[in-house]
Amino acid sequence: MKSIIRFSFIVVLCFAVMLSSAGCAKIEKVKTTALFDENFTKKSDDSGVVCENDSYILKWNKEAARVELLEKSSGYTWSNLPQELIEPRYDADGDVISNNVLLEAPIMVDYCEASTGNNKTANAYTASVKKKNFKTEKIENGIKITYYFVKEEFSVPVSYVLGDSSLKISIDTTEIAESENKICSVRIAPFFCSVKNLSDGYLFYPSGSGAIIEADSQPELSVTLSAEVYGEDLQRYPDSRLDYSNTMNIKMPVFGVSDGVSKGMAAIISEGAAAASVVLTRGNENIGFSGISASFTLRSYQRVAALTTTWRTRNTIYADYMYQGTLAVEYYPLTGENASYVGMANCYREYLAKTYGFSKKSDDALYSVNILGGAMIDKSLFGIPYSALYAATTTEQAKEIVSDLIEKTERIPVTDLHGFGESGITVGKIAGGGTVSNKLGGESGIKELAKWCSSNDVPLYMDFDLLRYSKTGNGVPFVKGAAIATNYRATMQYWYNVGTKAAKTGEDKYYYVRRDLVPQIAESTLKKANKFGLSGIALNTLSNSAYSDYYKAAYYSKGSTEKDVSEILKNYTENNKAIYVNSANDYAAVYATHIADAPTQSNKSNVFSYDVPFYEIVFKGYTAMTSTALNLSIDENEMLLRAAESGIGISFTLASEHTTNLNSVRDEAFWGTVYSEQSENTVRIIKEYAEYFDKVSGAEIVNHTICENGLRITEFDNGVRTYINYTDETLTAPDGLEIPATAFVYR
């Protein structure tokens, strides 16, 4: 059934919902959006130079009502319209050929129509530019254009500012004006990053490790793809996430294009990244170009099930108020050898250095081990069911596993203790109650283990879940401690069966904690780590999770995620704590000592032509990384090849004991983890991989190539070249070297 879309603007209803679900916690009042001015003043400056530096000229084209960026060295012009179409074209009769209106759009606005409740899209070119309904204003190093949508009754100001090496396009949402129709999202310059269909060009999409989309063409059909940066808002009901067959999220707010020869563009979402989605439009024959851009969610939503007498449907409840802050994309032109996805990665690393102070953090690590402590399992006493913690690995057993690995491999593992709190890996009190379960060794056990690891130079981390809880404790109240969604209710989270899409209601249900409580939870965790004698802290949920919280405007549409997490991790590093993260988003990865489960593939969308190790190109040689656990992978050898392709370390997930009762608790977490059963294979792989790893340890990736036959070649800055063959047949490299099937060779 068609979703019913509405806004929850009825004050009485909102008040009742707040009382019933938010307890006595205070919800911040937000300033309402400015009212659309029907009597606005039109204004357009004369054509000319807006701003200029040594490399670029920013121009305003009054006739076309278009901002253009001229690159001096190449003479190439970038704008929302591809350069190939900037000069007028004429048909056989001498009439001007009109461009597709999507190519002309400076912005696209999705909004909810008040009279019908339907979602609609407005193109700023047709609704504003063509009708001369806009106003220009000179600003420092740039120009601001306010686009007035008269029929839709809203206006959006867009600033274009020239930097030393980029053009920044931004929107201050506090300056947006609207009336009855409410803006849901704004897409900036849909075709500023674009390539011509059926050309040698390609688009880079940041799914997981990264993916390339070749520009093809299809009659009257656009292939579209949109995914939220840092993953879908976790505050929405989790069954909505079952629409995705693979959960490899966007970890980095960067995308780009290349003509495949000497011209390209890296686009970085520099402000409001957590509220953004990366949108791809590919292959429409009528458009003639494929483009990639950023769309920002100004009003997030919650889909709530509703029952009628004849069917079950869903209401989509949008936020009453708009995201507060600036949304920005910075566009960096690339030329020559830099006009490639490797060049985009280098550009992005430089941006991270400028923004976060990112620099070389630690030596590469050959391997890491994620040791599972325990989990809550179902038991019964005289027929009465109850739950109890099953100890899969105690601190003493963890010591035995690590000691045995060191003895047999003669190499020291990076060690992460996962699920050693009160309830193991099962979500219970926030941060595992801030303690170590007595069944797993208790505080005395962790102190003894930490001391042993320190004396043997073993990097030891203990994981603390700072975001999820299911019980009162450790400073978080059960009712008032939960973050709330757009319907002003806390969202109960379930684990779902992906095959049947049914909620596993008998398993650990939990909530996400209020965003404003996270800093104090983090500070408390730091004190606990010091008490335990831990030199490192693992943050396996904080590093890769993003969600909204409608208690405060700063947290609308996942807002302030980067800022909040960065401040926590910066504080940890200033307190001399090493940081271990898992499949980390960029804002966490830049502070990490070790990145585990580094994404080595995309989400395998059928839109993608092939995957590339963009993530690893950015971080290799700067931060230690290890792959997804080999012993948990469907294809162990393929995962090993993916690690070898980027020269990163490998990892294993291990436990000392196992019981069939664990099969009822997120069974996949413990499958194939018993060390006594895995040790022989684990040791063999580590010793075999070590010879190659030592050749590329500490080296940066300087080039990456995918040959026509599918062979992949990675070049490191120390001169080592690695050839990776994922196919089932022997492949020959351009230099004549033969690479066996499903294997890698280096020299």
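If you're wondering where the values come from, they're calculated on a predicted model, not measured in any experiment. (Residues numbered from 1 in each chain as written. Predicted model: local features only at pLDDT ≥ 70, side-chain atom pairs only at ≥ 80, totals over all residues. Heavy atoms only, no water.)

## Digging into the packing of aromatic side chains
Defined as follows: Between the rings of Phe, Tyr and Trp (Trp by its six-membered ring), a pair exists once the centres lie within 6.5 Å; its type follows the angle of the planes, with under 30 degrees stacked, over 60 edge-to-face, and the other angles tilted. Numbering of helices and strands runs from the N terminus, with a helix taken as a DSSP run of H or I at least four residues long and a strand as a DSSP run of E at least two residues long. Burial status follows relative accessibility: with a 1.4 Å probe on protein chains alone, a residue under 20% of its type maximum counts as buried, one over 50% as exposed, and anything between as partly exposed. By the criterion adopted, a ring carries a charge over it if an Arg CZ or a Lys NZ lies within 6 Å of its centre and within 35 degrees of its normal.
Considering all chains together, one arrives at 29 aromatic pairs under this definition. Pairing Y512 with Y547 gives two aromatic rings, centres 4.8 Å apart and planes at 40°, and the pair type is tilted. With Y512 in strand 33 (residues 511–512) and Y547 in the loop between strand 34 (536–539) and helix 8 (561–574), this residue pair connects regions lying 35 residues apart in the sequence. Summarising the burial analysis for this pair, Y512 and Y547 share the class buried. Taken together, the aromatic side chains of Y689, Y692, F693, F744 and Y746 make up a single cluster linked through ring pairs. Over the ring of Y301 we find R236, and its NZ or CZ is 4.1 Å from the ring centre. One cation-aromatic arrangement involves R468 over Y510; the distance from NZ or CZ to the ring centre is 5.1 Å.

## A short note on the pairing of strand 42 (residues 721–725)
Our working rule: At least two DSSP bridges between two strands are needed for those strands to be called paired.
Extensive coverage of strand 42 is indicated by the burial of 4 of its 5 residues. If you look at the hairpin formed by strand 41 (residues 712–716) and strand 42, you'll find 4 residues sitting between the two strands, and G719 has a positive phi there, around 95°. Two strands pair when backbone bridges link them, and strand 42 and strand 45 (residues 743–746) are joined in this way by 4 bridges, in the antiparallel orientation. The residue of strand 45 that forms the bridge with T722 is Y746.

## What to know about the sheet that holds strand 39 (residues 649–654)
Heads up, the condition is: Lines are fitted to the C-alpha atoms to define the axes, a helix being fitted only along its stretch in contact, and any angle between axes, read from their N-to-C directions, falls within 0 to 180 degrees.
The parallel closed barrel is built from 8 strands, whose spatial order is 25-28-29-34-35-36-38-39. Across the sheet, the axes of successive neighbouring strands diverge by a mean angle of 25°, strand direction being ignored. Strand direction decides the pairing type here: strand 29 (residues 460–463) and strand 34, joined by 3 bridges, are parallel. From the neighbouring strand, Y461 faces strand 34, where its bridge partner is G536.

## Remarks on the side chain of N123
What counts is decided by this rule: Any N or O atom pair separated by 3.5 Å or less is treated as a polar contact, with the protein-specific requirement of one donor-capable and one acceptor-capable atom, and with residues adjacent in sequence counted only for side-chain atom pairs. It only takes one pair of heavy atoms within 4.5 Å for two residues to be counted as in contact.
Within the secondary structure layout, N123 lies in strand 8 (residues 119–123). From its side chain, N123 meets the backbone oxygen of V101 in a polar contact 3.0 Å long. One polar contact links the side chain of N123 to the main-chain amide nitrogen of Y125, over a distance of 2.7 Å. Ignoring anything within four residues of it in the chain, the contact list for N123 reads V101, L102, A105, I107, M108, S128 and F149.

So, to be careful, I would describe these as geometric facts and stop short of saying anything about function.
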